[in-house]
Amino acid sequence: MTKLLSKNAKNRTPVLELKNIVKTYTLGTTTFNALDSVSFAIYPGEFVSITGPSGSGKSTLMHIIGLLDNPTSGQILLEGQDISHFKEEALAKTRNITLGFVFQQFNLLAKTSATENVALPLLYSDVPKNDRNKLALEMLTKVGLADKAPNTPAQLSGGQQQRVAIARALVNNPIIILADEPTGNLDSKSGAEIIKLFHHLHEDEGRTIVLVTHDMDLAKQAQRIIIIRDGKISSK
Amino acid sequence: MLKPSLNDLINSSFKSILKNKGRTALTSLGIIIGVTSVILLTSIGNGLQIYINQQFESLGSNTVFVAPGKIFNDKGGFNNNESGRFISTSFTQDDVTALKRSIKNTTIVPVTISQVEVKSNKITKNDVTIVGSTYQYAASANYLPSSGNGRTFNKEEEDKKANVIVLGHTLAKDLFPSGSALGKKVIVKGKTMKVIGVLDKKGGSFGGPDVDQYGFAPIGIIFDFVGNQKINQMLIKTQDKTDVPQTKIDITKVLLKKYDKDAFTVFDSSQLLSSINAIIGTLTIALSGIAAISLVVGGIGIMNIMLVTVTERTREIGLRKAIGAYPRAILIQFLIEAIILSSIGGVVGILLGALGTWGISQFFPAQITVGSISIAFGVSFAVGVIFGVAPARKASMLSPIEALRYE
């Protein structure tokens, strides 16, 4: 491990590394470990899927990878930097710069144009106002929706909405794209197109993608599968 | 540095508000009503004050009044319950003579009032107020007929107790419905008198004495009507308004020799004016205060809608937090939305209040004040801040995980 993290092997520095992550929930008098000493690393340009049955700790793990939740103990290294001690505001800033989220429910703002939806993360960044719409349009072009830029979510199909959401995840040029059941709300054809888009982003742009799903068939689309069961990694 | 910038936040708040135009209008309605009523009431109070001040200015600031009874209390307001309120002292010719002797360089005008029957050849009016005074009265009280409408009586007519009368505008109209009253004869308590002047319309002052209904005649005639020589009040004109304070002291000194201190009041128009202004001011504040209660109700309406909005937009808040909004950015966004809602109400209320003031001013003195506009806007802004904080805090404290999971 130390060898992998040495400065001479820059290209092999994990973009994200979890070390002995424990997340404990207390329900009344009983405590239980949703995550029990989870360690793994994700390397630049990897397409990794995290899968497991419901209640396995998959969601908890995703929240910790997404910097939305703090672990009870353990270390999170983001591009080699320990961010375990980051407070809410610093975490928000880190999410804004380094992560791109894709959700099952798309989570687009209603009555708001595709362009404005895509530009939303830039509102919280240092990108000057004049560049935001230009960048958003670039991303919409990348996902093949340049002609839908002025449309609101209600005027788009489910698959198109998810592509707008992917454009939004890309607009801040994140180091990891974190997709949580991205095809869960789509028919199989639209779902396949979304996965194709992920493959394109991975292969042609070298994006690092983490796909969280309960669907083993979908998980198999990734380069590498991390299976979690009862809060422990059972295979990686 | 604040990210997003305030400009961006205001922009996105405006967008959110405009997505729900109907709701925005209804939410602002409470503030609109509150601000409109505050503006209208202060405009009326202010207009009233200006109107009354103008009326007093026409009397002249160099006039000292002597009236029976204790009119003012010790605090400068009107005397409502202290002793002396209802004493109806009357003065005599001796008092006038005494005052004339001891106070130089002034014009002393005695006034006596009686209510009598007045007849023209066709019409009879009962209980008409006839003001009896000296020839200087009309000039002192600003009751001179305008050119073409005759004149007031002169010193000679006063001394001779000539049977001449000046009629108020309405009285003249009532007695002579067709044609001018000028030069006609009227019978006042059995005595035939010639109308030598008709006054222009002065307007009644809010239930107070309406001089348009009055007649004006030499004081000697009124003494004959009532059968005594009692003087109801006196006007003392000084050369200059700087003489007023000393004149008041001198008059008081003279009258105290004969009367108890609570039996009469010596005052000038500024004193009366400040008492009336104090009353109108208090009334305006009290009424505006009542109207301001609706601003609080409006504020609660805004808080209610903002709480609903925060719940409705839980997923949006979760998303914004996930993609990098820190709690303070969310807090400020929702606070700004509340402030915009209440400020829209404030601006619309100010416009409606201005429009209403204009409408009222067509038939009642009303004048909008810059003060009331700025206070109304300030208060509606503050209402937005006060009632927006709780919902905005609630929004900012949502956990992104819980918020994203919210159905």
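Scroll up a little and you will see the structure.
Our subject in this report is the structure included herewith. Please read all numbers here as calculations on a predicted model, not as lab measurements. (Residues numbered from 1 in each chain as written. Chains lettered and ligands numbered in written order. Predicted model: local features only at pLDDT ≥ 70, side-chain atom pairs only at ≥ 80, totals over all residues. Heavy atoms only, no water.)

### Focus on the overall build of chain A
- If you tally the helices and strands in chain A, you get eight helices and ten strands.
- For 236 residues, the compact-globule estimate of 2.2 N^0.38 gives 18 Å, and chain A sits close to it at 18 Å.
- Seen through its C-alpha atoms, chain A measures out along the principal axes to roughly 50 × 40 × 35 Å.
- Burial status across chain A gives 55% buried among its 236 residues.
- The contacts in chain A between residues at least 6 apart in sequence include a share of 71% that link residues at least 24 apart.
- Carbon and sulfur atoms form 50% of the exposed surface of chain A, whose accessible area is close to 10700 Å².
- In chain A, which carries 26 positive and 23 negative side-chain charges, the distance between the mean positions of the two groups comes to 3 Å. (Helix = DSSP H or I, 4+ residues; strand = E, 2+ residues; numbered from the N terminus. Rg over C-alpha atoms; globule rule 2.2 N^0.38 Å. Buried < 20%, exposed > 50% of the residue type's maximum accessible area, 1.4 Å probe, protein only. Contact = heavy atoms within 4.5 Å. Areas by Shrake-Rupley, 256 points an atom, 1.4 Å probe, with all protein chains shown as cover. Lys, Arg positive; Asp, Glu negative; His and termini not counted. Charge placed at Lys NZ, Arg CZ, Asp CG, Glu CD.)

### Describing the interface of chain B and chain A
- In this complex, chain B contributes 26 residues to the contact, which on the side of chain A involves 26 residues.
- Summing both partners gives a buried area of about 2400 Å² for chain B against chain A, and 57% of it is carried by carbon and sulfur.
- One can count four salt bridges joining chain B with chain A.
- The partner of arginine 132 of chain A in a salt bridge is aspartate 8 of chain B, and the shortest N-O contact between them spans 2.9 Å. (Buried area = accessible area lost by both parts, 1.4 Å probe. Salt bridge = Lys/Arg side-chain N within 4 Å of Asp/Glu carboxyl O.)

### Concerning the packing of helix α4 (residues 114–123) of chain A against helix α6 (residues 158–170) of chain A
Residue and element names in this part refer to chain A.
- It is at 7 Å that the axes of α4 and α6 come closest, and there the two elements cross at 35°. Taken as a pair, α4 and α6 cross one another with a handedness that is right-handed. Here Ala114, Asn117, Val118 and Pro121 of α4 come into contact with α6, specifically with Val164, Ala167 and Arg168.
- When the residues that make up the contact of α4 with α6 are grouped by side-chain class, the tally is five nonpolar, one polar and one charged. (Axes fitted to C-alpha atoms, helices over the stretch in contact; angles between N-to-C directions. Left-handed = near helix turned anticlockwise from the far one by under 90°. Nonpolar A, V, L, I, M, F, W, Y, C, P; charged D, E, K, R; others polar.)

### Here we look at the side chain of histidine 202 of chain A
All names here are of chain A.
- Along the chain, histidine 202 turns up in helix α7 (residues 188–205).
- Accessibility expressed as a relative area gives 10% for histidine 202, which makes it buried.
- Of note is the side chain of histidine 202, whose polar atom sits 2.8 Å from the backbone oxygen of glycine 45. (Polar contact = N/O pair within 3.5 Å; in protein donor to acceptor, adjacent residues only side chain to side chain.)

### Notes on the environment of valine 15 of chain A
Residues and elements named next belong to chain A.
- Structurally, the position occupied by valine 15 is in the loop between α1 (2–5) and β1 (16–27).
- The buried category is assigned to valine 15, whose relative accessible area is 7%.
- Residues valine 15 and leucine 178, spaced 163 residues apart in sequence, show a C-alpha to C-alpha distance of 13 Å.
- Once residues lying within four places of it in the same chain are set aside, the contact partners of valine 15 are Ile42, Tyr43, Pro44, Leu77, Leu78, Glu79, Ile176 and Thr208.

### Focus on the pairing of strand β7 (residues 176–180) of chain A
Residues and elements named next belong to chain A.
- Burial of β7 is extensive: four of the five residues sit out of reach of the surface.
- Sheet topology places strand β6 (residues 99–102) next to β7; four bridges connect them, and they run parallel. Bridge assignment links glycine 100 to a residue of β7, and that residue is isoleucine 177.
- Bridge count between β7 and strand β8 (residues 209–213): four bridges; the pairing is parallel. Within β8, the residue paired with aspartate 180 across the bridge is valine 212.
- Viewed along the sheet, the connection from β7 through α7 into β8 turns out right-handed. (Pairing = 2+ DSSP bridges. Right-handed = clockwise from strand over helix to strand, strands pointing away.)

### Here we look at the environment of lysine 58 of chain A
Residues and elements named next belong to chain A.
- Summarising the element assignment, lysine 58 is placed in helix α2 (residues 58–65).
- Sequence separation of lysine 58 and histidine 214 is 156 residues, and the distance between their C-alpha atoms is 8.5 Å.
- Not counting residues up to four positions away in its chain, the partners in contact with lysine 58 are Ile50, Thr51, Gly52, Pro53, Glu181, Val212, Thr213, His214 and Ile228.
- Looking at lysine 58, its side chain comes within polar contact range of the main-chain oxygen of glycine 52, at 3.2 Å.

### Considering the pattern of salt bridges
Residues and elements named next belong to chain B.
- Going through the model one piece at a time under the given rule, you end up with 24 salt bridges over all chains.
- Across the salt bridge formed by lysine 125 and aspartate 174, the nearest N and O atoms sit 3.0 Å from each other. Of this pair, lysine 125 sits in strand β3 (residues 124–133) while aspartate 174 sits in helix α6 (residues 169–175), placing them 49 residues apart in sequence.
- Note on aspartate 174: relative accessible area 29%, which makes it partly exposed.
- In this structure, a network of salt bridges that share partners links the residues Arg313, Glu316, Arg320 and Glu337.

### So, the sheet that holds strand β2 (residues 30–42) of chain A
Residue and element names in this part refer to chain A.
- Across the sheet, which stays open at both edges, the four strands sit in the order β2-β1-β4-β5 with antiparallel pairing between neighbours. Both edges of this open sheet fall to β2 and β5 (81–82), since each of them pairs with a single strand only.
- Where strand β4 (residues 73–78) lies against β5, two bridges are found, and the strand directions are antiparallel. Each bridged residue has a counterpart across the sheet, and for leucine 77 the counterpart in β5 is aspartate 82.

### Topic: the sheet that holds β6 of chain A
Residues and elements named next belong to chain A.
- Strand order in the open sheet formed by six strands is β6-β7-β8-β3-β9-β10, with mixed pairing between adjacent strands. Each edge of the open sheet carries a strand with a single partner, namely β6 and β10 (232–235). Taking the axes of each pair of neighbouring strands and ignoring which way they run, one obtains an average angle of 25° across the sheet.
- With respect to the sheet, α2 is in contact with β3 (47–51), β6, β7, β8 and β9 (224–229), its orientation differing from that of β3 by roughly 140°.

### Examining the nonpolar core
- With 68 residues, the main nonpolar core has Leu16, Leu18, Phe40, Ile50, Leu61 and Ile65 of chain A together with Phe334 of chain B as its most contacted residues.
- If near-sequence neighbours (up to four positions away) are discounted, isoleucine 50 of chain A is found in contact with Phe40, Lys58, Leu61, Ile65, Val210, Leu211, Val212, Thr213, Ile226 and Ile228 of chain A.
- With 34 residues, the next largest nonpolar core counts Leu122, Val171, Leu186 and Leu218 of chain A among its residues. (Core = buried A, V, L, I, M, F, W, Y, C linked by side-chain atoms within 4.5 Å.)

### Quick notes on the side chain of glutamine 162 of chain A
Residues and elements named next belong to chain A.
- Counting through the fold element by element, glutamine 162 comes out in helix α6.
- Overall, glutamine 162 belongs to the buried group, its relative accessible area being 0%.
- Apart from the residues within four sequence positions on either side, glutamine 162 is in contact with Val102, Phe103, Gln104, Phe106, Pro182, Leu186 and Ile194.

### Notes on the pairing of β3 of chain A
Residue and element names in this part refer to chain A.
- Of all five residues in β3, five are buried, a share of seventy percent or more.
- Here β3 shows two buried faces, one formed by Phe47, Ser49 and Thr51 and the other by Val48 and Ile50.
- Here β3 runs beside β8; their pairing, made up of five bridges, is parallel. When the sheet's bridge partners are listed, threonine 51 is paired in β8 with threonine 213.
- The sheet contact formed by β3 and β9 spans four bridges and is parallel. Its bridge partner being in β9, serine 49 is matched across the sheet by isoleucine 225.

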